[in-house]
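Take a look at the letters that make up each chain.
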Amino acid sequence: MDQSHNRILVFAGSARAESYNKRLARLAASRVDNAGGRATLVDLRDFPIPLYDGDLEHEQGIPDHARRLRAMLAEHSGLVVVSPEYNGFITPLLKNTLDWLSRPDGDEEGLALFRNRVACVLSASPGGFGGMRSLALARQLLTNLGVTVLPDQLAVPRAAQAFTDNGDLADQGAGKRLDQICHRLVETLERLNPRAER
Ligand SMILES: Cc1cc2nc3c(=O)[nH]c(=O)nc-3n(C[C@H](O)[C@H](O)[C@H](O)COP(=O)(O)O)c2cc1C
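The text that follows walks through the structure, step by step, so that each part is easy to find. It should be emphasised that the depicted structure is a prediction, and the values quoted were computed from it without experimental measurement.

1. A word on the overall build of the protein chain
Next up, step 1: Scanning the protein chain for helices and strands turns up seven helices and five strands.
Next up, step 2: Sequence-ordered secondary structure for the protein chain, helices as α and strands as β, is β-α-β-α-α-β-α-β-α-β-α-α.
Next up, step 3: For the protein chain, whose C-alpha radius of gyration is 16 Å, the value lies close to the compact-globule estimate of 16 Å for 198 residues.
Next up, step 4: With the principal axes as the frame, the protein chain shows a C-alpha extent of 50 × 45 × 25 Å.
Next up, step 5: Burial statistics for the protein chain: of 198 residues in total, 50% are counted as buried.
Next up, step 6: Partitioning the contacts of the protein chain with sequence separation of at least 6, the portion at a separation of at least 24 is 76%.
Next up, step 7: Approximately 10000 Å² of the protein chain is accessible, and the part contributed by carbon and sulfur atoms is 49%.
Next up, step 8: Side chains of the protein chain carry 24 positive and 25 negative charges; the gap between the two charge centres is 6 Å.

Here you go:
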């Protein structure tokens, strides 16, 4: 299995087709690639997982789509989590997805999947604060799972007007900040996982 150090899994906590957070995730994936990383963009709509239920887990095991995501995460060292904000919180979709991924599967320990992973968190919202309150919670959840979350983060406010037709951020300062964050993530992974030939 390829566990290359510069592979970064990018996803948003929204399934909505026109999701602003998915737009930001798409942009972040391209910026990760520009920074020398290898991004894999995932749409959680393609991974419909039932709401966590201990009885369902006991009777049927880990749902297939959660297994697929686990296998993908196992092949990536970095994560970009783009978090919409619902009532000042992360979305049920993001929480549910991470809860299922944290469960043991047979002999595989759940949290082992998150250990030694490095993440950054981003958010977008039509509101004036850009979903900033969800960032602290996404950060806390990932930290609880054992992920190292970079201090750098970006909240994109007024998301309905924030993107240009070609998917960039209209605000050049925000675009630059996104570049810096993606660079920092790739650079951190490089430093933590020096290639054998170096
Ligand atoms: C139940 C619910 C609660 C929301 N609460 C907030 C909120 O606390 N802060 C905020 O900025 N936007 C809030 N919104 C608006 C979302 O930011 C908006 O629907 C956004 O488009 C969701 O992200 P998405 O575009 O990636 O799907 C809320 C939306 C819903 C459905």
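2. Section: the environment of Leu 51
Next up, step 1: Following the sequence through the fold, Leu 51 ends up in the loop between strand 2 (38–42) and helix 2 (54–60).
Next up, step 2: Between the alpha carbons of Leu 51 and Ser 19 there is a distance of 21 Å; along the sequence they are 32 residues apart.
Next up, step 3: The residues touching Leu 51, leaving out its near neighbours within four places in the chain, are Asn 96 and Trp 100.

3. Details of the sheet that holds strand 2
Next up, step 1: Spatial strand order, 2-1-3-4-5: five strands in an open sheet with parallel pairing. One side of each edge strand has no neighbouring strand; the edge strands of this open sheet are strand 2 and strand 5 (148–156). This sheet shows a mean twist of 20° between the axes of neighbouring strands, independent of strand direction.
Next up, step 2: The sheet contact formed by strand 1 (residues 7–12) and strand 3 (residues 78–82) spans five bridges and is parallel. When the sheet's bridge partners are listed, Val 10 is paired in strand 3 with Val 80.
Next up, step 3: Contacts between helix 5 (residues 132–145) and the sheet are confined to strand 3, strand 4 (118–124) and strand 5, with strand 5 contributing the most and set at about 160° to the helix.

4. Some thoughts on helix 3 (residues 64–74)
Next up, step 1: Buried residues of helix 3: Ala 66, Leu 69, Arg 70, Leu 73 and Ala 74, and no others. Along the axis of helix 3, the buried positions cluster into a sector of 140°, meaning they face one direction only.
Next up, step 2: Those residues of helix 3 that are buried lie in contact with strand 1, strand 2, strand 3 and helix 4 (92–101).

5. Some remarks on the packing of aromatic side chains
Next up, step 1: The final tally for this structure, using the stated rule, is one aromatic pair.
Next up, step 2: The positively charged end of Arg 16 is found above the aromatic ring belonging to Tyr 20, 5.3 Å away from the centroid.

6. Some words on the packing of helix 3 against helix 4
Next up, step 1: In contact at an axis separation of 9 Å, helix 3 and helix 4 are set at 75° when each is read in the N-to-C sense. Considered as vectors, helix 3 and helix 4 are oriented roughly perpendicular to each other. Seen from helix 3, the contacting residues are Ala 66, Leu 69, Arg 70 and Leu 73; seen from helix 4, they are Thr 97, Trp 100 and Leu 101.
Next up, step 2: Of the residues assigned to the contact of helix 3 with helix 4, the class counts are five nonpolar, one polar and one charged.

Parameters at a glance
- Per-chain numbering applies: the sequence of each chain, read as written, is numbered from 1 onward.
- Residue-level local features of this predicted model are given only where pLDDT is at least 70; pairs of side-chain atoms are given and counted only at 80 or more, and the full residue set underlies all totals for whole chains, interfaces and linings.
- Side-chain descriptors were evaluated using all non-hydrogen atoms of the structure, hydrogens and water having been removed beforehand.
- In DSSP terms, a helix is any run of H or I states spanning at least four residues, a strand is any run of E spanning at least two, and both are numbered starting from the N terminus.
- Each radius of gyration reported is based on C-alpha atoms, and the globular scaling rule is 2.2 Å times the count of residues to the power 0.38.
- When accessible area is computed with a 1.4 Å probe and restricted to protein chains, residues below 20% of their type maximum are described as buried, those above 50% as exposed, and intermediate ones as partly exposed.
- We call two residues in contact whenever any of their non-hydrogen atoms come within 4.5 Å of each other.
- Per-residue and other accessible areas follow the Shrake-Rupley method at a 1.4 Å probe size, with only the shown protein chains counted as cover for residues.
- In this charge count, Lys and Arg are treated as positive and Asp and Glu as negative; neither His nor the chain ends contribute.
- Taken as the charge location is NZ of Lys, CZ of Arg, CG of Asp or CD of Glu.
- Here, a strand pair is defined by DSSP locating no fewer than two bridges between the strands.
- Every axis in this analysis is a line fitted to C-alpha atoms, fitted for helices over the stretch in contact. Angles between the N-to-C directions lie between 0 and 180 degrees.
- Working definition: the arc comes from the directions between the helix axis and the C-beta atoms, pointing outward to the latter.
- Only rings of Phe, Tyr and Trp enter the pairing, Trp through its six-membered ring, and a pair is recorded when the two centres are within 6.5 Å. The plane angle decides the type: under 30 degrees is stacked, over 60 is edge-to-face, the rest tilted.
- Any Lys NZ or Arg CZ that is within 6 Å of a ring centre and within 35 degrees of that ring's normal is treated as a charge sitting over the ring.
- Comment on the angle field: the value is read as roughly parallel under 35 degrees, roughly antiparallel over 145, roughly perpendicular from 65 to 115, and oblique elsewhere.
- Here the term charged refers only to Asp, Glu, Lys and Arg, the term nonpolar to Ala, Val, Leu, Ile, Met, Phe, Trp, Tyr, Cys and Pro, and the term polar to all other amino acids, Gly among them.

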